[in-house]
Amino acid sequence: MAYYINIFSPDTYKAYSESSRTVSGFKENQKGIANIKPGDKLICYVTKLSRWVGLLEVKGGYKLDRTPLFSPIVDPYILRFNIDSKVWLPLDLSLPIDTDEVWNGLSFTKAFQKGHTGWTIMVRSSLRRIEDADGALIERLLLRQKENGTIYALSESDERKLKSPTVRTSENKQVAVSIPEKDDTQVGTKIDIQINHRDSIKIQALLAEIGERMNLKIWIPRSDRQRVIEVWHPRAESLLELLPLNYDDATLKTIENIDVLWIRGRSIVRAFKVEHTTSIYSGILRMADLMALQPNLNINAHIVAPVERKDKVLQEISRPVFTLLDKGPLSESCSFISYSSVEELSNEKRLEYMNDTVLEEYSEWAE
């Protein structure tokens, strides 16, 4: 018997709650990792709220079924297992990830301070197998909640997340969006702006140094270059003078102005926009411009900002205008990384033996 994570959005949680809960479905492209056997258990997690909500036991192998389960629209979750619903909790009885018993007991959270996002890679997609001890812990706590549950009331922030609107893309995919109530532009003093700008140059320099230590080539915009190399002292040929890319002028101009690029050969490995100004919208817009100009370009993009700006960054990434790109929602290709995470990664002594995928441990995505 093994445990696997089953991801629900607030919308799919609601739809599933109103169903018979005898079938659990996944996307067809997950068929290659659907190694689930009868008796295995699905531990159900609700995104946005970061709560464990259910326990489903698999009764047999999967089948492909395109019949919509919950509505007359096309249902993407056609890889389906018959299940026995052991636990399915109302949201106010579901288990928040940051309760002490959960956080300090799970192998993938207990190593982090609460508020750190490194653990979220474990709940990025369904059918990820988790350690037996982790699954057994969540199972025990969910069964306890079912019999004699502690109420974990939804906060005002949770309630707002539940009301987030969704849009349907041209591929008939439903994606949650955020619509900010007001612009986040603020007025700061000249001293504040100068201090923030120095911080951003330091972060640009650290990102450049991290990429260089991973044996990648680095691009810094010419307007920032002199200030960055006063902090970071690149090795010979690490800092590119010209981008080895063959795109049209509009694309190249957009790429050249992104704060830090990690390059391998003739490909962009990672793109970073460091946000130090009072408005974060312009940086996200630059990333969206790039995705719109080159929808077939497979770039991992990151908005880097102080941790206190995380919620705002993720909210802006989820705006409707960024959801309807030809490439797909920006929220699926652009993540948030905090300044403190960049500083933490820069202190890693074995960076020379790592590759860029280590960034997934430090990234947080809009749910």
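Residues numbered from 1 in each chain as written. Predicted model: local features only at pLDDT ≥ 70, side-chain atom pairs only at ≥ 80, totals over all residues. Heavy atoms only, no water.

Participant: How would you summarise the overall build of the protein chain if you had to cite specific residues and measurements?
Facilitator: Assigned secondary structure in the protein chain consists of 11 helices and 15 strands. The buried share of the protein chain, reckoned over its 367 residues, is 49%. Partitioning the intrachain contacts of the protein chain with sequence separation of at least 6 by distance along the chain shows that 69% fall at a separation of at least 24. Total accessible area computed for the protein chain in this model is approximately 18,400 Å², and 49% of it derives from carbon and sulfur atoms. (Helix = DSSP H or I, 4+ residues; strand = E, 2+ residues; numbered from the N terminus. Buried < 20%, exposed > 50% of the residue type's maximum accessible area, 1.4 Å probe, protein only. Contact = heavy atoms within 4.5 Å. Areas by Shrake-Rupley, 256 points an atom, 1.4 Å probe, with all protein chains shown as cover.)

Participant: Give a description of the pairing of strand 12 (residues 260-264) that names residues and reports values.
Facilitator: Counting buried positions along strand 12 yields four of five residues, so the element is predominantly enclosed. With three bridges connecting them, strand 11 (residues 217-219) and strand 12 associate as antiparallel partners. Within strand 12, the position partnered with tryptophan 219 by the bridge is leucine 261. Here strand 12 hands over to strand 13 (residues 267-274) after two residues, with glycine 265 in that stretch at a positive phi of 65 degrees. (Pairing = 2+ DSSP bridges.)

Participant: Can you tell me about the pattern of salt bridges, naming the residues and giving the values?
Facilitator: Throughout the structure, instances matching the rule amount to 22 salt bridges. Arginine 264 is the partner of aspartate 356 in a salt bridge, and the nearest nitrogen-oxygen pair spans 3.7 Å. Taken together, the positions of aspartate 356 in the segment after helix 11 (339-346) and arginine 264 in strand 12 put the pair 92 residues apart, joining distant regions of the chain. Taking the relative accessible area as the measure of exposure, arginine 264 reaches 45% and is therefore partly exposed. Between glutamate 275 and lysine 273 there is a salt bridge whose closest N-O contact spans 3.7 Å. As far as the burial class goes, glutamate 275 and lysine 273 line up, both buried. Shared partners join several salt bridges into a network, and the residues in it are Arg264, Arg270, Asp356 and Glu360. (Salt bridge = Lys/Arg side-chain N within 4 Å of Asp/Glu carboxyl O.)

Participant: How would you explain the side chain of aspartate 134 if you had to name every residue and give the values?
Facilitator: Within the secondary structure, aspartate 134 is located in helix 3 (residues 132-148). Within the buried core, aspartate 134 has no salt-bridge partner, and the shortest N-O distance to an opposite charge, that of lysine 110, equals 6.8 Å. When near neighbours in sequence (up to four residues on either side) are disregarded, aspartate 134 contacts Gly105, Leu106, Ser107 and Phe108. (Lys, Arg positive; Asp, Glu negative; His and termini not counted.)

Participant: Mind laying out unusual backbone geometry, listing which residues take part and the relevant values?
Facilitator: Its identity is not glycine, yet arginine 21 carries a phi of approximately 55 degrees, on the positive side. Judged by relative accessible area, which is 24%, arginine 21 ranks as partly exposed. The phi torsion at leucine 127 lies on the positive side, around 70 degrees, for a residue other than glycine. Leucine 127 gets classed as buried once you look at its relative accessible area, which sits at 5%.

Participant: Summarise the environment of glutamate 230; cite the residues concerned and give the values.
Facilitator: Looking at the element boundaries, glutamate 230 is found in the loop between helix 6 (222-229) and helix 7 (249-256). Once the C-alpha coordinates of glutamate 230 and lysine 202 are considered, the two residues, 28 residues apart in sequence, prove to be 9.5 Å apart.

Participant: Describe the sheet that holds strand 11, with residues and values.
Facilitator: Read across the open sheet, the five strands follow the order 11-12-13-14-15; overall the sheet is mixed. The sheet terminates laterally at strand 11 and strand 15 (334-338), the two strands that pair on one side only. The sheet shows a mean angle of 25 degrees between the axes of neighbouring strands, taken without regard to direction. Two elements, strand 12 and strand 13, share five bridges in a ladder whose sense is antiparallel. Residue pairing in the sheet places valine 260 in a bridge with phenylalanine 272 of strand 13. Running at roughly 175 degrees to strand 14 (residues 300-305), helix 8 (residues 281-293) makes contact with strand 13, strand 14 and strand 15 of the sheet. (Axes fitted to C-alpha atoms, helices over the stretch in contact; angles between N-to-C directions.)

Participant: Got a sec to walk through the environment of arginine 66? Specific residues and values, please.
Facilitator: Looking at where arginine 66 falls in the secondary structure, it is placed in the loop between strand 5 (63-64) and strand 6 (79-88). Residue contacts for arginine 66: discarding those within four places in its chain leaves Glu28, Ile78 and Arg80.

Participant: Please provide a residue-by-residue account of helix 9 (residues 310-317), values included.
Facilitator: Summarising burial for helix 9: six of the eight residues are buried, a large majority. Within the sequence span of helix 9, burial applies to Lys310, Lys312, Val313, Leu314, Glu316 and Ile317. Check the buried side of helix 9 and you find it contacts helix 8, strand 14, helix 10 (320-323) and strand 15.

Participant: Residue-level account of helix 11, with values.
Facilitator: Taken as a whole, helix 11 has its buried residues at Tyr339, Ser341, Val342, Leu345 and Ser346. Along the axis of helix 11, the buried positions cluster into a sector of 165 degrees, meaning they face one direction only. (Arc of directions from axis to C-beta.)

Participant: Kindly report on the packing of aromatic side chains, identifying the contributing residues and their values.
Facilitator: A full pass over the atoms with the stated rule returns nine aromatic pairs. When the centroid spacing of 5.4 Å and the interplanar angle of 20 degrees are considered together, the rings of tyrosine 13 and tryptophan 88 count as stacked. In this pair, tyrosine 13 sits in helix 1 (residues 10-17) while tryptophan 88 sits in strand 6, placing the two residues 75 residues apart along the sequence. Taken as a pair, tyrosine 13 and tryptophan 88 share a single burial class, namely buried. Taking 6.0 Å as the distance between ring centres and 80 degrees as the angle between the ring planes, the aromatic pair formed by tryptophan 103 and tryptophan 119 counts as edge-to-face. (Phe/Tyr/Trp six-rings, centres within 6.5 Å; stacked < 30°, edge-to-face > 60°.)

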